[in-house]
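Tertiary structure, described
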Protein chains: 2
Amino acid sequence: MKSIVRNLNYYLSSDKDLAKRLHEILGFTPYRLSLFKTAFYHKSMNNCSTGKQQQNNERLEYLGDSVLSTIVAEYLFSKYPNKDEGFLTKMRSKIVKRTTLNSIADKMGLDVILSEYSQGKMSKSMLGNAFEAMIGAIYLEMGYEKAKKYIIREILRRYLDIHELEDKDDNYKSQLLEWGQKHGREIEFKLINRFKFDKRDRFLIGVFIDSIQKATAEDFNKKSAEQMASKEVVQSLQLD
Amino acid sequence: MKSIVRNLNYYLSSDKDLAKRLHEILGFTPYRLSLFKTAFYHKSMNNCSTGKQQQNNERLEYLGDSVLSTIVAEYLFSKYPNKDEGFLTKMRSKIVKRTTLNSIADKMGLDVILSEYSQGKMSKSMLGNAFEAMIGAIYLEMGYEKAKKYIIREILRRYLDIHELEDKDDNYKSQLLEWGQKHGREIEFKLINRFKFDKRDRFLIGVFIDSIQKATAEDFNKKSAEQMASKEVVQSLQLD
């Protein structure tokens with residue numbers, strides 16, 4: 001009996017703490033608190049302390065990733081009525097990419113909640129994942145229109161410098177070359193293979209750092225293949 | 001003066017025709033007809049007959065692509081409450097992929113409208129693009145919640161066999177091997193390169209049809225690289 005009471009207290013105080021923290025961060029107390037709790041549960045966390053199986057955040061992350069992408073797509077569509085879809089697509093990928101989301105989540109202070117749940121076993125990608133899962137929870141809590149307004153006003157406008165992103169270099173090859181120069185590493189691009197596909201030339205390009213192959217990519221266009229391979233290296237090394 | 005009247009008549013009759021066709025296909029007459037007109041304008045079409053610059057459908061396609069992806073994401077999220085995000089992601093990509101969208105657009109009869117605008121210069125991908133652009137127009141016309149209900153009820157449930165998609169083979173390597181056997185072509189997978197990345201082995205795999213290289217892909221896992229390279233070939237050859 002004592003243990004039931006203890007567990008009950010544990011739940012209440014833990015959920016109360018979460019509700020308080022979320023109110024500080026989001027400016028509102030979620031009605032469906034359990035959804036937000038789920039948003040911070042990475043699959044690597046086991047919940048031995050309560051003995052209850054807690055659902056992890058992967059399904060919410062799947063939903064939130066998509067919802068965020070659409071909200072950002074529409075935000076840019078309205079903000080830039082005269083820009084073509086190439087510009088809009090590039091801007092969107094600058095916003096929804098992992099490093100940007102990690103940084104937003106960090107500025108919001110989600111790391112505090114996450115570190116409490118994860119008991120210290122925290123990686124950077126867990127932060128971005130929890131952020132996406134939280135977007136999923138906000139969407140399920142508010143519906144699309146309200147979630148859109150909230151996310152644009154309270155998250156994107158507050159934590160994102162859109163004009164800085166506009167100017168941000170998305171030339172991965174030059175980013176990689178700059179990084180190489182700064183750190184005294186030799187960056188090389190080599191044509192590994194060239195073959196015919198649909199009667200057109202197709203190029204397989206490799207990126208080498210200090211003569212060690214780091215990534216490859218292929219395309220009908222050599223420069224595009226170089227960009228794609230560079231992107232992979234830049235993202236793995238988290239240079240951007 | 002005569003020519004102005006003639007042009008005016010042309011516009012009216014053309015827009016009336018479009019409104020009628022859309023009513024037959026969608027079951028409603030759009031309030032913002034010009035959006036739907038834009039949805040069917042591929043950038044390759046010039047609009048000499050009216051002398052007016054018609055906006056092409058690329059921006060709407062960018063928006064519609066994202067909106068559709070989120071509607072499908074949420075539809076699957078609710079439909080399969082006990083499936084993990086891996087299953088949901090796979091199902092979504094089966095639904096939003098080019099060949100599925102082309103087939104939905106075809107069943108809906110969008111090819112009729114498109115062929116009128118394109119004066120015969122129609123490719124298969126133009127159909128899927130117009131479909132996505134039309135989803136963008138439906139979204140701007142109705143807002144998210146109504147568009148979601150409409151698209152699920154009148155498009156996805158009507159033109160898509162979701163249980164067939166569940167069972168559909170997403171093993172690209174086996175699809176490719178079957179295709180080779182059926183058409184008497186020799187399919188080979190070769191290890192082109194093996195290198196270290198972050199101290200782990202990384203494999204570069206090539207797919208060859210009758211000894212001609214058709215695609216490559218790299219991954220830490222050989223089987224994944226084979227799947228990725230096979231997927232590229234299957235999609236280029238439109239086998240799926």
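Cut-off values and rules
- Residues numbered from 1 in each chain as written.
- Chains lettered and ligands numbered in written order.
- Predicted model: local features only at pLDDT ≥ 70, side-chain atom pairs only at ≥ 80, totals over all residues.
- Helix = DSSP H or I, 4+ residues; strand = E, 2+ residues; numbered from the N terminus.
- Contact = placed C-beta atoms within 7 Å.
- Least-squares fit on C-alpha atoms with pLDDT ≥ 70 in both.
- pLDDT = per-residue confidence, 0-100.
- Pairing = 2+ DSSP bridges.
- Axes fitted to C-alpha atoms, helices over the stretch in contact; angles between N-to-C directions.

This part takes up the overall build of chain A. Along the backbone of chain A there are eleven helices and three strands. For chain A, the succession of helices and strands along the chain, N to C, is α-α-α-α-α-α-α-α-α-α-β-β-β-α. Contacts spanning at least 24 positions in sequence make up 50% of the contacts within chain A whose residues lie at least 6 apart.

Contacts between chain A and chain B engage 29 residues on the former and 29 residues on the latter. Secondary structure elements with two or more residues in the side of chain A that touches chain B: helix 3 (58-79), helix 4 (85-96), helix 8 (144-159), strand 1 (187-197) and strand 3 (212-219) of chain A. Tallying contributions element by element places helix 3 of chain A first for the side of chain A that touches chain B, with twelve residues.

This part is about the relation of the copies chain A and chain B. Its rotation angle being 180 degrees, the transformation that places chain A on chain B also includes 0.0 Å of axial translation and leaves an RMSD of 0.0 Å. The superposition of one copy onto the other is thereby described by a two-fold rotation axis. Of all interface residues in chain A, 100% are interface residues in chain B too; the two copies therefore contact each other through one and the same surface.

Looking now at the confidence of the model for chain A. Residues and elements named next belong to chain A. Here chain A shows a mean pLDDT of 86. Residues at 70 or above account for 90%. Confidence, expressed as mean pLDDT per element, reaches its minimum in chain A at helix 1 (residues 2-26) with 70 and its maximum at helix 3 with 97. Residue range residues 1-10 is modelled with pLDDT below 50. Its contacts to residues more than four positions away, or to other chains, number two contacts. ipTM for the predicted complex: 0.76, alongside a pTM of 0.78.

Once that is clear, we can look at the sheet that holds strand 3 (residues 212-219) of chain B. All names here are of chain B. Strands sit in the order 1-2-3 across an open sheet of three strands; the sheet is antiparallel. Looking at the sheet topology across the chains shown, the edges are occupied by strand 1 (187-197) and strand 3. Averaged over all adjacent pairs, the angle separating strand axes in this sheet is 20 degrees, with direction ignored. Where strand 2 (residues 200-209) and strand 3 come together, seven bridges link them in antiparallel fashion. Note that in strand 3 the partner of Leu204 across the bridge is Glu218. Across the sheet, helix 11 (residues 222-236) touches strand 1, strand 2 and strand 3, and the angle it forms with strand 3 is around 135 degrees.

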